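Report on the structure
Take a look at the letters that make up each chain.
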Amino acid sequence: MASLHWEASATTPEIVWAPAQGVLSIRGESYPENALEFYQPVVAAVAEYLEAAGDGFTLRVDLAYLNTSSVKALMDILDLMEDAFKAGTAVKVDWVYDEENDRSLEMAEEFQEDLSLPFHAMPVTR
Amino acid sequence: MATIDLLDLRDRLNDFNALISFNGPLSESIIKDLGDAIRRYLEKETDSRATVMDVFSVFVEQTQNIRQYAASRAVDDAEARFLASAVSLISAEDGHYLVSSGNWVREADLPALTGHVDRLREMDGGALKTLYREVLRAPAAEGATTAGLGLIDMARKASQPLSYSCRKTQEEGQKGYVFFSLQAVL
């Protein structure tokens, strides 16, 4: 599987997909108007990887802000991960958040409520 | 051409306790730049990062909703520009920040919009959270370009029920448009 690297733009985060390590990293802010369309190739890559019974998968999120359609796109990725987890694949979420940003932690907690997969909220000081 | 005199406009903006206002066609880059300006301004006014992010986030959802509406409804470029032309206002009152927007909506689309806001107005925080999760977990409709979460998210961030008004003018009324004003008090 090909690795992918999207540079951050004004309203989109940097996205790095390293299938060899099974790590998808999303970092920055995410509020494009067309978030569902923007994330579609990312969702497709994750689906393909997990369907091929990848050895393990880590989603590393470090997002200071998401608009609601980005939240929806992220939920699509988390749903794929949750299904894979229930089927026995080792998956986990590392959610990095700024200690000063309450909203990022609250969002992590809301996602967690709907998921049983390992979900680690990791505070950083910036 | 008449001599420019902005005093009346200034007085009106002062009546609203306007901090930042915009009037014109919204574009993705204008939303980005205005959003940055709002954040920079508020960062000087408050130490609460959450407050800054909430105001910014409601502004983004309001303006992106308007852009989305214009894109989904307009039959030609002229109507797209008209429907994407909006007023956005960030103001302050009694220790609260207010995030407001105003735009033209087709009269036929109004009942669905106001019905949705009316339902949200009836809900408490718990009900809004439940609805948000339901919509978030529902599979996106075929060809959907929007998550349908914007107004629910605004209602959740607001400290009071969302408020709105609809006003018809002679000229635009004849063309079937009504001006829709929406306000979230944070």
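The structure presented is a predicted model; accordingly, all values stated were derived computationally and were not measured.

A look at the overall build of chain A
Broken down by element type, chain A carries three helices and six strands. Reading chain A from its N end, one meets helices and strands in the order β-β-β-α-β-α-β-α-β. Over its C-alpha atoms chain A spans a radius of gyration of 14 Å, differing by no more than 12% from the 14 Å that the globule rule assigns to 126 residues. Here the C-alpha coordinates of chain A stretch approximately 35 × 30 × 25 Å along the principal axes.

Here's the deal with the packing of aromatic side chains
Here a ring pair, both rings aromatic, is described through the centre-centre distance and the interplanar angle of the planes. Summed over the entire model, instances satisfying the criterion amount to 13 aromatic pairs over all chains. Judged by centre distance (5.1 Å) and plane angle (90°), the rings of Trp17 of chain A and Tyr49 of chain A are edge-to-face. Of this pair, Trp17 of chain A sits in strand β2 (residues 14–18) while Tyr49 of chain A sits in helix α1 (residues 35–51); the two residues are 32 residues apart in sequence, bridging distant segments of the chain. Each member of the pair, Trp17 of chain A as well as Tyr49 of chain A, is classed as buried. Geometry around Phe56 of chain B places Arg39 of chain B over its ring, the cationic atom sitting 3.8 Å from the centre.

A closer look at the confidence of the model for chain B
Overall, the predicted model of chain B reaches an average pLDDT of 94, with 96% of residues at or above 70. Model confidence for the complex: the whole-complex pTM is 0.94, and ipTM, which rates the interface, is 0.93.

Side note on the pattern of salt bridges
Side-chain pairing between opposite charges can occur once the charged atoms of the two side chains come close. Summed over the entire model, instances satisfying the criterion amount to 22 salt bridges over all chains. Taking the shortest distance from any N to any O, the salt bridge between Arg49 of chain B and Asp98 of chain A comes out at 3.3 Å. Placement of Arg49 of chain B in helix α3 (residues 49–73) and of Asp98 of chain A in strand β5 (residues 90–98) is noted, with the two residues assigned to different chains. Take Arg49 of chain B: its relative accessible area is 30%, and that puts it in the partly exposed class. What emerges from the salt-bridge pattern is a single network uniting Asp79, Glu113 and Asp114 of chain A together with Lys129, Arg133 and Arg137 of chain B.

Quick word on the interface of chain B and chain A
On the side of chain A, 24 residues touch chain B, which itself brings 33 residues to the contact. Counting each side, the surface lost to burial between chain B and chain A is near 2,500 Å², with a carbon and sulfur contribution of 46%. Considering only the side of chain B, the residues that lose the most area to chain A are Arg49, Leu136 and Arg137 of chain B, jointly responsible for 24% of the buried surface there. Along the contact surface separating chain B from chain A lie ten salt bridges.

A short note on the sheet that holds strand β1 (residues 18–25) of chain B
Residues and elements named next belong to chain B. Pairing within the open sheet is antiparallel, and its five strands lie in the order β1-β2-β3-β5-β4. Each of the sheet's edge strands pairs with one partner strand only, and the pair in question is β1 and β4 (163–167). Neighbour-to-neighbour, the strand axes of the sheet open up by a mean angle of 15°, direction not taken into account. Here strand β2 (residues 85–93) pairs with strand β3 (residues 96–106) via eight bridges, running antiparallel. In the strand pairing of β3, Leu89 is matched with Ser100. Where helix α2 (residues 28–45) meets the sheet, it contacts β1, β2 and β3, and its direction lies at approximately 175° from that of β1.

Some details on the environment of Ala10 of chain A
Residue placement: Ala10 of chain A occurs in the loop between β1 (4–6) and β2. Between the alpha carbons of Ala10 of chain A and Ser30 of chain A there is a distance of 8.9 Å; along the sequence they are 20 residues apart. Not counting chain neighbours up to four residues away, the residues in contact with Ala10 of chain A comprise Tyr31 of chain A together with Lys32 of chain B.

Each value, and the rule that gives it
Residues numbered from 1 in each chain as written. Chains lettered and ligands numbered in written order. Predicted model: local features only at pLDDT ≥ 70, side-chain atom pairs only at ≥ 80, totals over all residues. Heavy atoms only, no water. Helix = DSSP H or I, 4+ residues; strand = E, 2+ residues; numbered from the N terminus. Rg over C-alpha atoms; globule rule 2.2 N^0.38 Å. Phe/Tyr/Trp six-rings, centres within 6.5 Å; stacked < 30°, edge-to-face > 60°. Buried < 20%, exposed > 50% of the residue type's maximum accessible area, 1.4 Å probe, protein only. Lys NZ or Arg CZ within 6 Å of the ring centre and 35° of its normal. pLDDT = per-residue confidence, 0-100. Salt bridge = Lys/Arg side-chain N within 4 Å of Asp/Glu carboxyl O. Contact = heavy atoms within 4.5 Å. Buried area = accessible area lost by both parts, 1.4 Å probe. Pairing = 2+ DSSP bridges. Axes fitted to C-alpha atoms, helices over the stretch in contact; angles between N-to-C directions.

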